[in-house]
Amino acid sequence: MNEPTGSRRDAASTIFNLPGYRVIDAVDLPDVGRRIMIESIDPPGCTACGVIATRVHSRRWQRLRDIPVAGQAEVVWVKRRWFCDEPECVRATFAEATVQVPRRARSTRRLREQLAAAVIVSGRAAVEVARAHAVSWWLVQAALTAAAAVVLPDVDSVPVRRLGIDEHRYRSVRYFRDTAGAWQRYEPWMTTLVDLATGRVLGVVDGRDSKAVGAWLKARTPTWREGIEVVAIDPSAAFRKALREHLPHAAVSVDAFHLVKLANDALTAVRQRLAREHKGRRGRLVDPSWANRKLLLRGADTLSQRGWDRLEKVFRSDDPTDELSAAWAIKEQVRRLLRTTTLADAWHERMRLGHYVKVANMPETQRLYDTIAAWWPHIEVLIVTGTTNAKVEAAKTSVKQIKRTGRGFRNSNNYKTRILLASAARAVA
C-alpha cells in the first residue's frame, strides 16, 4: 500500500470538506474506495469549565459514517483526549466533540441532514435511502426523529384562524375473529388536522371519533383555541361533537365536496336498486345505465354535447320508471344549492330540492335531504364563509403518497413523523 503524496492529500482535503476538520491522510483500500483520516482543526473547550485546551492527553481512532466522497470512503477520525489545565475544574481530561460530530455520535451531522432531506424533500423510502448511503434503517429513522424535534414548531405557537379536519385509512382493512368465533372488520383510521390558510398539517391522531379529535384540541392552549374562527369538516357527528366541547365559539362549515359525494352516492344507490328490481341482477356492460355510470356522476355544467346525448340515451332506454332521471335531477339540485352565494338564494334552492325529493318519493333521496336538513346551519356557514376542506384533501393526497412510497407503515409514530415533516417542508418551500 503506497503512502499518498502531498498533492493527493490536499486534493482529498478539498473534496472531503467537512467543516471543522482537515484531512491528515488518504489511502486507497485494496478492495474498493479509500480510507480518509481526519482530525479536528480548533482545540476544544473543556466540557465542564469551558477553558480552551492546549495539551493532548491521548489519541484514538473512531470510525465515522459520512456521505459518499468521490465514491465509497471509510472515514476515520483521529480523536484526541485533552488535559484541562484549569486548577479549579473538576475534570482532569475530556474528549473532544464538534458541531459535526457531537458527543457519543458515530455519524456526521451532514450525513444525518442528507438522510432526512432524501426522505422528506425527495420523497424517497427510508429503506431505499439507507441502502443508497450504506447505513442502517435505524439511522435514517433517528435522523428523521431528530429533524422533527428541530424543524417542527410548537403547534400552540402557530396562529390558526381556519382549521380543517378529515380522516384517512392508516392501513388496509383487516379481519379478525372475536371471542364468539365471528369475523369482525377492522379499519385503522387516522384523523388529520390542517391549517386551511397554509395547508400545513398541524397534527395527526389515531382514530376518527370525538375522543381522538377532542384530546388533541384539549391539549392546545386556551389562547390557540380562542383564535379558531371557522372549522371545516365532513358531515361527521363525531367531529361536530368534539368541536362543540372544545371549540364552542367556532363556526362549523360542512365541506361541499362531501355533500356532493353524498348526492352521488344516493344516485348510485338508486341505479343499483333499479337494476336489482327490474333485471334481477347487478348492472352489466350491456346496460346503458351501468356503462355510463361515471357520466351520471358528472356535473351537468361540465358535459359536452356528446355527453348530453349519451345521458339522454340512458334515460330513454334504461329508465322505465323515471326514477334514475329524478335522482340525477336531485343530485344536480344539490350542486346548484352549493353554488349559491347568499343565504336567501340557498334557502330558495333548498325549498326546490325538498319539492323534488317529495315528488320523487325515493328512500335514497329522502335520506339525502334529511342529511342536508340536519346539517343546514353548517351549510349556511359554508355559503357565507366559503370555507372548504380543499387544503385538507390536498394534504391527504400527499399523505397517501407517503404511505405508498413506504409500502405501508407498521409504526404509527414513524408514519405521523413522516407526514408532519413532509408538510413542514412544503410550507417552507
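As a reminder, the structure under discussion sits directly above these lines.
Residues numbered from 1 in each chain as written. Predicted model: local features only at pLDDT ≥ 70, side-chain atom pairs only at ≥ 80, totals over all residues. Heavy atoms only, no water.

A. Main features of the overall build of the protein chain. Within the protein chain, the regular secondary structure consists of 17 helices and 12 strands. For 429 residues, the compact-globule estimate of 2.2 N^0.38 gives 22 Å, and the protein chain exceeds it by more than 25% at 31 Å. Principal-axis analysis of the C-alpha atoms gives the protein chain an extent of 95 × 55 × 50 Å. Taking all 429 residues of the protein chain together, 45% fall into the buried category. Sequence-distant contacts in the protein chain: of pairs separated by 6 or more residues, those separated by 24 or more amount to 59%. In the form shown here, the protein chain has an accessible surface area of approximately 23100 Å², with 52% of it arising from carbon and sulfur atoms. (Helix = DSSP H or I, 4+ residues; strand = E, 2+ residues; numbered from the N terminus. Rg over C-alpha atoms; globule rule 2.2 N^0.38 Å. Buried < 20%, exposed > 50% of the residue type's maximum accessible area, 1.4 Å probe, protein only. Contact = heavy atoms within 4.5 Å. Areas by Shrake-Rupley, 256 points an atom, 1.4 Å probe, with all protein chains shown as cover.)

B. Examining helix 14 (residues 363-374) more closely. In this model, helix 14 (12 residues) spans 16 Å end to end at C-alpha, consistent with the 16 Å of a helix rising 1.5 Å per residue. Looking only at helix 14, the buried set comprises Glu364, Thr365, Leu368, Tyr369 and Ile372. The buried residues of helix 14 all sit within an arc of 135 degrees when viewed along its axis, so they share a single face. Of the surrounding secondary structure, the elements contacted by the buried residues of helix 14 are helix 8 (256-279), helix 12 (323-338), helix 13 (343-360) and helix 15 (376-385). (Expected span 1.5 Å × (residues − 1). Arc of directions from axis to C-beta.)

C. Representation of the sheet that holds strand 12 (residues 251-254) in the model. A sheet is described by the order of its strands in space; here 5 strands give the open sequence 10-9-6-11-12, paired in mixed fashion. Of all strands in the sheet, those with a lone pairing partner are strand 10 (200-206) and strand 12, marking the two edges. Within the sheet, the average angular offset between the axes of one strand and its neighbour, ignoring direction, is 25 degrees. The sheet contact formed by strand 9 (residues 189-195) and strand 10 spans 6 bridges and is antiparallel. (Pairing = 2+ DSSP bridges. Axes fitted to C-alpha atoms, helices over the stretch in contact; angles between N-to-C directions.)

D. Structural view of the environment of Arg208. Topologically, Arg208 is positioned in the loop between strand 10 and helix 5 (210-219). Here the alpha-carbon distance between Arg208 and Ile165, two residues 43 residues apart in the chain, equals 9.8 Å. Residues in contact with Arg208, not counting those within four places in the same chain, are Glu167, Trp189, Thr191, Ala238 and Phe239.

E. Quick look at the nonpolar core. Core analysis: the largest hydrophobic core is formed by 57 residues, its most contacted members being Leu163, Ile165, Trp224, Val231, Leu338 and Ile379. If one sorts the elements of this core by residue count, helix 8 sits on top with 8 residues. Leu163 has contacts with Leu193, Val194, Leu196, Leu202, Leu217, Trp224, Ile228, Val230, Val231 and Ala232, leaving out every residue within four places of it along the chain. Formed by 18 residues, the second largest nonpolar core is a distinct cluster that contains Ala126, Val135, Leu144 and Ala148. (Core = buried A, V, L, I, M, F, W, Y, C linked by side-chain atoms within 4.5 Å.)

F. Here's a closer look at the pairing of strand 8 (residues 183-186). With 4 bridges connecting them, strand 7 (residues 174-177) and strand 8 associate as antiparallel partners. Within strand 8, the position partnered with Phe176 by the bridge is Gln184.

G. Inspection of the packing of helix 14 against helix 15 at higher detail. Packing of helix 14 against helix 15 brings their axes to within 5 Å, and their N-to-C directions diverge by 70 degrees. Relative to helix 15, helix 14 is oriented roughly perpendicular. On helix 15, the residues that touch Ile372, Ala373 and Ala374 of helix 14 are Trp376, Pro377 and Ile379. Of the residues that constitute the contact of helix 14 with helix 15, the class distribution is 6 nonpolar, no polar and no charged. (Parallel < 35°, antiparallel > 145°, perpendicular 65-115°, else oblique. Nonpolar A, V, L, I, M, F, W, Y, C, P; charged D, E, K, R; others polar.)

H. Representation of unusual backbone geometry. With a phi close to 65 degrees, Asp322 is a non-glycine residue in the positive phi region. The topology assignment puts Asp322 in the loop between helix 11 (305-317) and helix 12. Under the relative-accessibility criterion, Asp322 is labelled partly exposed at 49%. Phi angles above zero are rare outside glycine, and Asn361 is one such case at about 55 degrees. Summarising the element assignment, Asn361 is placed in the loop between helix 13 and helix 14.

I. Spotlight on the pairing of strand 1 (residues 21-28). Pairing of strand 1 with strand 2 (residues 34-40), which is carried by 7 bridges, proceeds in the antiparallel orientation. Bridge pairing in strand 2 links Val27 to Arg35. The antiparallel pairing of strand 1 with strand 2 creates a hairpin that spans 5 residues between the two strands, and Gly33 there sits at a positive phi of about 80 degrees.

J. Seen up close, the side chain of His168. Looking at the element boundaries, His168 is found in strand 6 (residues 162-169). At a separation of 3.2 Å, a polar atom in the side chain of His168 contacts the side chain of Tyr415. Excluding residues within four positions of it along the chain, His168 makes contact with Pro188, Trp189, Met190, Thr192, Lys396, Val399 and Tyr415. (Polar contact = N/O pair within 3.5 Å; in protein donor to acceptor, adjacent residues only side chain to side chain.)

K. Highlighting helix 5. Those residues of helix 5 that fall on the buried side of the exposure criterion are Ser210, Ala212, Val213, Gly214, Trp216 and Leu217. For helix 5, the secondary structure elements touched by its buried residues are strand 6, strand 9, strand 10, helix 6 (222-226) and helix 7 (237-246).

L. Representation of the packing of aromatic side chains within the structure. Overall, the coordinates contain 8 aromatic pairs when judged by the stated rule. When the ring of Tyr170 is compared with that of Tyr415, the centres are 5.1 Å apart and the planes differ by 35 degrees; the resulting orientation is tilted. With a gap of 245 residues between them, Tyr170 in the loop between strand 6 and strand 7 and Tyr415 in helix 17 (residues 412-428) connect regions that are remote in the sequence. Note on accessibility: Tyr170 and Tyr415 belong to one class, buried. Cluster of aromatic residues (ring-pair linked, three or more members): Tyr170, Phe409 and Tyr415. Over the aromatic face of Trp375 sits the side chain of Arg240, whose NZ or CZ is 4.0 Å from the ring centroid. (Phe/Tyr/Trp six-rings, centres within 6.5 Å; stacked < 30°, edge-to-face > 60°. Lys NZ or Arg CZ within 6 Å of the ring centre and 35° of its normal.)

M. Broad picture of the pattern of salt bridges. Applying the stated criterion across every chain, the model contains 26 salt bridges. One salt bridge connects Glu187 with Arg185, and the closest N-O pair in it is separated by 2.6 Å. Classification of Arg185 as partly exposed rests on a relative accessible area of 46%. Here Arg335 makes a salt bridge to Asp301, at a shortest N to O gap of 3.3 Å. Of the two residues, Arg335 sits in helix 12 while Asp301 sits in the loop between helix 10 (293-297) and helix 11, which places them 34 residues apart along the sequence. Its relative accessible area of 53% is what places Asp301 among the exposed residues. (Salt bridge = Lys/Arg side-chain N within 4 Å of Asp/Glu carboxyl O.)

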